[in-house]
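# Descriptive structure summary
Here is what each chain is made of, one letter per residue.
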Amino acid sequence: MKIAVDFLSKLDGREDFFRKDLCHALENSGMDVFEIRSPRIKKALDQEIKADCFISFNLKYGGLKVRTAKYFVLADNVIPGRATVKNLKNFDQIIVKTGFKKLQLSNKYGIEKDKIIVVHDKTDECFDLKNISDDERNIRRILTIYRVNKPFIFFYSHLYEGSNVSSLIEAFAQIHHKFPDCKLLLASPEIKVGWDNKPLGQSKRAREIIELVTKYKLQRKIVFAGLIEEKDLPVVIRNAEICVNLKDYEHFPYSLVEQLFAGACIISADNAVSKEILGNAGFAVSSKYADSITQGMKHLMEEKEERDQLRQKAAKRRKFFKPDALYKELIENIERNIQARAKEKVLLLDFGGKVDLGKILKVNFEPVQFDLRKKRSFFQILKDFQKYRVVFIQGGITKAWSAKLVGLKLLSRNIKFISIECLEKNFKTKRKSILAGIRSKFKSLLYRIILEIVFNNKFEFDYQYRGRAEILPAFFDIEEGVGELKLGGFTGISVGPSVRGDDLALLLRETFSNRCKFLVEEVLYRKINSSKNLDSKYKKRVIEAKPAEALNTSKIYINLDNRIEQQKILQAFCTSNLLICLKTPNTINLIQEGINGYLYKEEDIQKIAKQVNVLLENKKHLKDICNINLAKSKQYNSEKLLKEYKIFLNRL
């Protein structure tokens, strides 16, 4: 399964850590994970990466309509609003980090509970108890940096209203006389400590907190530490008597999990999120009331045994945030949703294509064959087509359907038309008049305009257009069990039925001095034998053979059909033949002139004869090209082509 993860949204460092952990967990489960870092997510999904599941961290992509993917979104920090709710409802699954958020999305926003998955996050491994230094000298050094000694109570947070730090200061003012050796270490990035160790508030709220400390005359009891470095934070948490966390959480509480991992004795706010994270590993107090906080701190400072019990409970609670089980539920949900997804129905128009496209499409889609024989009005056809997002077309489009497809495309811009085989017909005529030539050119131009409108300049399987498409010929089969003819030291030249009798006679005369024999089908063989203008010595060089038999025996294949099928070319490759053909969309893309064949115009029979003579005289060069074609044929075996078709279909 292929999973695409959006790494674009501007989240803080710890949430970015969540994304990396998520990708790592998905990879360990055997999934192919693509990290989308393109500034244009939609473009990346449409063109660069096609996946079974797309995990987005940005709600604005909720309206993205890529039908082949299942959408998940991390919606932990949802801000209420109509647009937010609408986008959330567009996602198939929503990842949240707490059960509280799941209930909130369900009860407040009306999102189905079955769509919401709870995945508790974890924190950095440096906070794990086993990774925290217990060296006393190192502990004293770190605590000295922040001007505090044991015992101390620790609080760290941004100082917004919901952190309830003013209630904590008021509570500490009531108990500090009872515990004269204990200090309160208050760390926040909003407070900067000057060179004289005086705190400087970086925000209005921070200055209010400093004034409150002065009001209660706690300057010697409360230590402001500013921002504590991440490498020191686990040691400070671990060595605090109590860690106080009074935030009114609605989102995932990273600082609470850090304290839990470090094995701290925790006083937490009495709210749903804190209880969900801590379980019984914390002491709950009413964060709005100083008296409740006072009682909690006093009780735990007096009861060392209870502090130790809370630390032990924290150690047991950590297993709920371990990486091994962290994403298990999420991965199971992703797999279950992808497997349960019904295959998208696509429409198939078959105008006589050579590929068993229905069989190929069944891997990714549910193909529906459109009955071309049934008579329908244009509006009935339009109604049928509008049920589908993708319409596959194989074989050459008829004149009647050319006009219909243009109308369908103009009236249904949401339909994507995809061609599977070479679509452009050849409008050449056997009449040599100037008027016939002009008519032919006009028809060819008209047909090309039709294709441009229908396929929007994207001929994805129409391999005649270089640079716009991958070269994906149809499958081909070589007849098995066909033996080679004995030519007695002569070089075999296979001639297609498109070569006229007069042209073959000219080739016979021009190449007579070289040891070669021409292998032709029954019709051409009869024409040469019945010709009165050709000497019998030339006729002896012509041998009747079946097409597969001729290709197995020959080294040069001459086909002057201006509608040569790609299967014919690939069969020549497979039987080690050098090709001499006309310039057509098929031959231009499959034959590189001078490397694995030669391309001429229909009237260049004299030049073809000279080229054949050069090849017959230089057997080494002829052999080299034959070997190149044999190697090239391996690129077009059915197994490889089937994989390439599947890759293309996965990207739709």
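Summarised in this report is the structure supplied together with it. (Residues numbered from 1 in each chain as written. Predicted model: local features only at pLDDT ≥ 70, side-chain atom pairs only at ≥ 80, totals over all residues. Heavy atoms only, no water.)

A sheet is described by the order of its strands in space; here six strands give the open sequence S21-S20-S19-S22-S23-S24, paired in parallel fashion. Both edges of this open sheet fall to strand S21 (542–544) and strand S24 (597–600), since each of them pairs with a single strand only. Put simply, the sheet's adjacent strands are angled 20 degrees from each other on average, direction ignored. Where strand S19 (residues 491–495) meets strand S22 (residues 556–559), three bridges bridge the pair, whose relative direction is parallel. The residue of S22 that forms the bridge with Ser494 is Tyr557. Relative to strand S23 (residues 578–582), helix H26 (residues 619–633) is tilted by about 80 degrees, and along the sheet it contacts S19, S22, S23 and S24. (Pairing = 2+ DSSP bridges. Helix = DSSP H or I, 4+ residues; strand = E, 2+ residues; numbered from the N terminus. Axes fitted to C-alpha atoms, helices over the stretch in contact; angles between N-to-C directions. Contact = heavy atoms within 4.5 Å.)

Next up on the list: the pairing of strand S20 (residues 516–520). The element S20 is largely enclosed, with a buried count of five among its five residues. Here S20 shows two buried faces, one formed by Cys516, Phe518 and Val520 and the other by Lys517 and Leu519. When S19 meets S20, the two strands line up parallel, connected through four bridges. If you follow Gly492 over to S20, its bridge partner there is Lys517. Considered for its hand, the β-α-β crossover made up of S19, helix H19 (residues 501–510) and S20 is right-handed. Pairing of S20 with S21 involves three bridges; the strand directions are parallel. What sits directly across from Val520, in S21, is Glu544. (Buried < 20%, exposed > 50% of the residue type's maximum accessible area, 1.4 Å probe, protein only. Right-handed = clockwise from strand over helix to strand, strands pointing away.)

Counting residues in hydrophobic clusters, the biggest one holds 58 residues, and the most contacted among them are Leu26, Ile55 and Phe154. Here Phe154 is in contact with Leu185, Ala187, Ile228, Leu233, Val236, Ile237, Ala240, Ile242, Cys243 and Val244, once residues within four sequence places are set aside. Core analysis: the second largest hydrophobic core is formed by 35 residues, Leu168, Phe179, Phe224 and Ile267 among them. (Core = buried A, V, L, I, M, F, W, Y, C linked by side-chain atoms within 4.5 Å.)

Turning next to the environment of Leu310. Inspection of the secondary structure assignment puts Leu310 in helix H12 (residues 304–317). On the basis of relative accessibility, which here comes to 6%, the residue Leu310 falls in the buried class. Once the C-alpha coordinates of Leu310 and Phe283 are considered, the two residues, 27 residues apart in sequence, prove to be 8.1 Å apart. Not counting residues within four places of it along the chain, the set of residues in contact with Leu310 comprises Ala264, Cys265, Asn280, Ala281, Gly282, Phe283 and Leu300.

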